[in-house]
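In case you want the letters, here they are:
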Amino acid sequence: MTSISKNVQSVSASGIRKFFDIVAEMKDVISLGVGEPDFVTPWRMREACIYSLEQGRTNYTSNWGLLELRQLIAQHLQNLYKVSYTPENEILVTVGVSEALDLALRAIVDPGDEVILFEPCYVSYAPCVTFAGGVPVTVETSAETGFVPSLEAVRKAITPRTKAIMLSYPSNPTGATADRKSLQDIVNLAREADIFIISDEIYDRLTYVGEHVCVSSLEGARERTILLNGFSKAYAMTGWRIGYACAPPEVAESMMKIHQYVALCAPITAQETAIEALSAGEQSVQDMRAEYNMRRRLIVKRFNDCGLSCSEPRGAFYAFPSVKKTGLSSEEFSERLLHSKHVVVVPGNAFGASGEGYVRAAYATSFEKIEEAMQRIGEFVESLPQAVGAL
Ligand SMILES: Cc1ncc(COP(=O)(O)O)c(C=O)c1O
């Protein structure tokens with residue numbers, strides 16, 4: 001019988017796509033929509049890849065990934081966060097954080113198990129939980145509490161079916177970070193309930209205020225944490241499809257079991273490039289971060305200036321201003337802005353119900369384009385019946 005799995009049917013297509021399809025048809029569009037660096041992968045990394053191809057390195061690698069890369073990842077985490085992972089059986093190189101997330105969930109979730117998500121959050125989390133046979137359970141967060149949930153709210157969400165809590169700071173879409181104490185409190189809850197933590201730290205290097213706290217480095221966290229990270233954002237390597245997961249051996253080996261059957265290994269060219277990124281890419285990371293930071297200041301100021309209240313994003317490359325005062329829903333605001341001013345932002349409800357009333361604006365585009373986009377957004381807000389003066 002040719003019918004699509006009910007599980008797959010239950011998940012709707014990503015709300016973000018719809019906007020990108022409209023954009024493809026338009027001229028003179030400025031997109032603050034896509035969560036992707038506008039930088040090209042730094043030349044020395046591309047050069048390393050070209051060299052590896054010249055050397056004929058086009059084969060499969062170990063299912064775990066090149067040992068040299070895993071050793072560098074271990075060293076990197078040790079240097080930055082004083083967390084120690086064994087390259088041989090605790091670090092798995094994956095096809096982006098996307099694959100690592102899928103593997104993590106499939107390795108730990110049994111049918112009906114619950115996974116707690118803090119919304120608004122990255123669009124893939126809930127669908128991936130569902131695809132793994134689990135049930136996503138939402139804890140809502142808001143700008144008032146810096147998009148970090150109260151401990152009480154997390155405690156309430158934990159049931160006997162809870163298998164894991166999903167953490168992701170700095171956050172897509174809010175740009176929020178979480179401090180050491182808040183994260184330690186959540187880790188303590190996970191310990192009490194004896195559940196896993198999956199921590200997606202893909203934006204760790206794009207932290208502008210304070211220091212990034214790696215969840216695995218917290219007391220009692222390492223043995224129950226699956227740490228996900230990758231090269232897409234900090235090294236401007238989205239198209240290479242390369243990431244990694246770190247976890248205690250039993251979990252890492254289970255993830256590897258799935259990975260070896262469904263992906264075999266991450267692409268060798270991407271692995272070779274990632275080796276160069278970790279060996280010699282630090283200055284590029286610093287330079288790109290400094291540029292994002294300038295844009296971050298600009299965009300936050302300009303949103304607040306035009307009456308759309310925007311709390312300070314401390315990490316990633318997203319601003320998440322409130323559009324509630326305009327009287328428009330997130331989708332109405334985004335659609336009308338797109339049609340009248342040709343500027344793309346993503347409606348906040350694409351990231352969960354608690355994202356309603358906000359829009360996500362990525363500042364991974366040039367300073368000049370952000371200035372122009374903000375000019376247009378200002379004019380758009382002024383043109384609304386409840387013009388900004390009255391807001
Ligand atoms: C929070 C978060 N996790 C994971 C991903 C996907 O990362 P990758 O390109 O490594 O698959 C993204 C991409 O936007 C993201 O924002």
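Rules behind the numbers
Residues numbered from 1 in each chain as written. Predicted model: local features only at pLDDT ≥ 70, side-chain atom pairs only at ≥ 80, totals over all residues. Heavy atoms only, no water. Phe/Tyr/Trp six-rings, centres within 6.5 Å; stacked < 30°, edge-to-face > 60°. Helix = DSSP H or I, 4+ residues; strand = E, 2+ residues; numbered from the N terminus. Buried < 20%, exposed > 50% of the residue type's maximum accessible area, 1.4 Å probe, protein only. Core = buried A, V, L, I, M, F, W, Y, C linked by side-chain atoms within 4.5 Å. Domains from an automatic or database assignment. Contact = heavy atoms within 4.5 Å. Salt bridge = Lys/Arg side-chain N within 4 Å of Asp/Glu carboxyl O. Axes fitted to C-alpha atoms, helices over the stretch in contact; angles between N-to-C directions. Parallel < 35°, antiparallel > 145°, perpendicular 65-115°, else oblique. Left-handed = near helix turned anticlockwise from the far one by under 90°. Near = heavy atom within 4 Å. Polar contact = N/O pair within 3.5 Å; in protein donor to acceptor, adjacent residues only side chain to side chain. 1 Å grid on protein atoms, 1.4 Å probe; cavity = no way out; pocket = protein on both sides within 12 Å on 5 of 7 lines; lining within 4 Å. Sits in = over half its atoms within 2 Å of the grid points. Nonpolar A, V, L, I, M, F, W, Y, C, P; charged D, E, K, R; others polar. Pairing = 2+ DSSP bridges. Right-handed = clockwise from strand over helix to strand, strands pointing away. Points joined across faces, edges and corners; volume = space filled by probe spheres on them.

**Regarding the packing of aromatic side chains**
- Evaluated as defined, the whole model comprises twelve aromatic pairs.
- Measuring from centroid to centroid gives 5.7 Å for Phe-147 and Phe-320, while their planes differ by 75°, and the two rings are edge-to-face. Of this pair, Phe-147 sits in the loop between strand E4 (135-140) and helix H7 (151-157) while Phe-320 sits in the loop between strand E9 (318-319) and helix H12 (330-341), placing them 173 residues apart in sequence.
- Owing to a relative accessible area of 3%, Phe-320 belongs among the buried residues under this scheme.
- By the ring-pair criterion, three or more aromatic residues cluster together here, those being Phe-39, Tyr-203, Tyr-292, Phe-317 and Tyr-318.

**Considerations on the nonpolar core**
- With 67 residues, the main nonpolar core has Leu-32, Ile-299, Phe-333 and Ile-377 as its most contacted residues.
- It is helix H5 (residues 96-108) that provides the largest number of residues to this core, a total of seven residues.
- Composition of this core by domain shows at least three residues from each of domain 1 (6-41 + 283-384) and domain 2 (44-281).
- Not counting residues within four places of it along the chain, the set of residues in contact with Ile-299 comprises Leu-32, Ala-319, Ala-361, Tyr-363, Ile-370 and Met-374.

**Topic: the pattern of salt bridges**
- Using the criterion set out here, one finds 19 salt bridges in the structure.
- Here Glu-272 ties to Arg-57 by a salt bridge, and the two come within 2.7 Å at their closest N and O atoms. One end of the pair, Glu-272, is in helix H10 (residues 268-280); the other, Arg-57, is in the loop between helix H3 (43-54) and helix H4 (67-81), and 215 residues separate them in sequence.
- Where Arg-106 meets Asp-102, a salt bridge forms, and the shortest distance between an N and an O atom there is 2.8 Å. Taken as a pair, Arg-106 and Asp-102 lie in helix H5 at a separation of four residues, close to a single helical turn.
- Among the charged side chains, a salt-bridge network with shared partners connects Asp-110, Asp-113, Arg-161 and Lys-163.

**A short note on the packing of H5 against helix H9 (residues 249-262)**
- Two elements in contact, H5 and H9, have axes separated by 9 Å at closest approach and are oriented at 120°. Between H5 and H9, the angle is such that the two are oblique. When you trace H5 past H9, the crossing you get is right-handed. Contacts between H5 and H9 involve Glu-99, Ala-100, Leu-103, Ala-104, Arg-106 and Ala-107 from the first element and Ser-254, Met-255, Ile-258, His-259 and Val-262 from the second.

**Let's talk about the site of the ligand**
- Around the ligand, a shell composed of Gly-96, Val-97, Ser-98, Tyr-122, Tyr-125, Asn-172, Asp-200, Ile-202, Tyr-203, Ser-232, Lys-233 and Arg-241 is seen.
- In the model, an oxygen atom of the ligand is placed 2.6 Å from a nitrogen or oxygen of the Lys-233 side chain.
- Taking Arg-241, its side chain carries an N or O atom lying 2.7 Å from an oxygen atom of the ligand.
- In this structure the site holding the ligand corresponds to the largest pocket.
- Top element by residues in the shell around the ligand is H5. It accounts for three residues.
- Per-class residue counts for the shell around the ligand are five nonpolar, four polar and three charged.

**Points about the pairing of E4**
- Pairing geometry for strand E3 (residues 114-119) and E4, over six bridges, is parallel. Paired with Phe-118 across the strands is Val-139, a residue of E4.
- With helix H6 (residues 125-131) bridging E3 and the parallel E4, this β-α-β connection has right-handed handedness.

**Details of the layout of surface pockets**
- Of the voids in this model, the largest pocket is the one considered here, and its volume is about 590 Å³.
- Forming the walls of the largest pocket are 29 residues, and the residues nearest its centre are Gly-35, Ser-98, Tyr-122, Asn-172 and Lys-233.
- Looking at the lining of the largest pocket, the elements that each hand over two or more residues are helix H2 (15-24) and H5.
- A breakdown of the residues in the lining of the largest pocket according to their chemical character gives twelve nonpolar, eleven polar and six charged.
- Counting contributing residues, the lining of the largest pocket receives three or more from each of domain 1 (6-41 + 283-384) and domain 2 (44-281).

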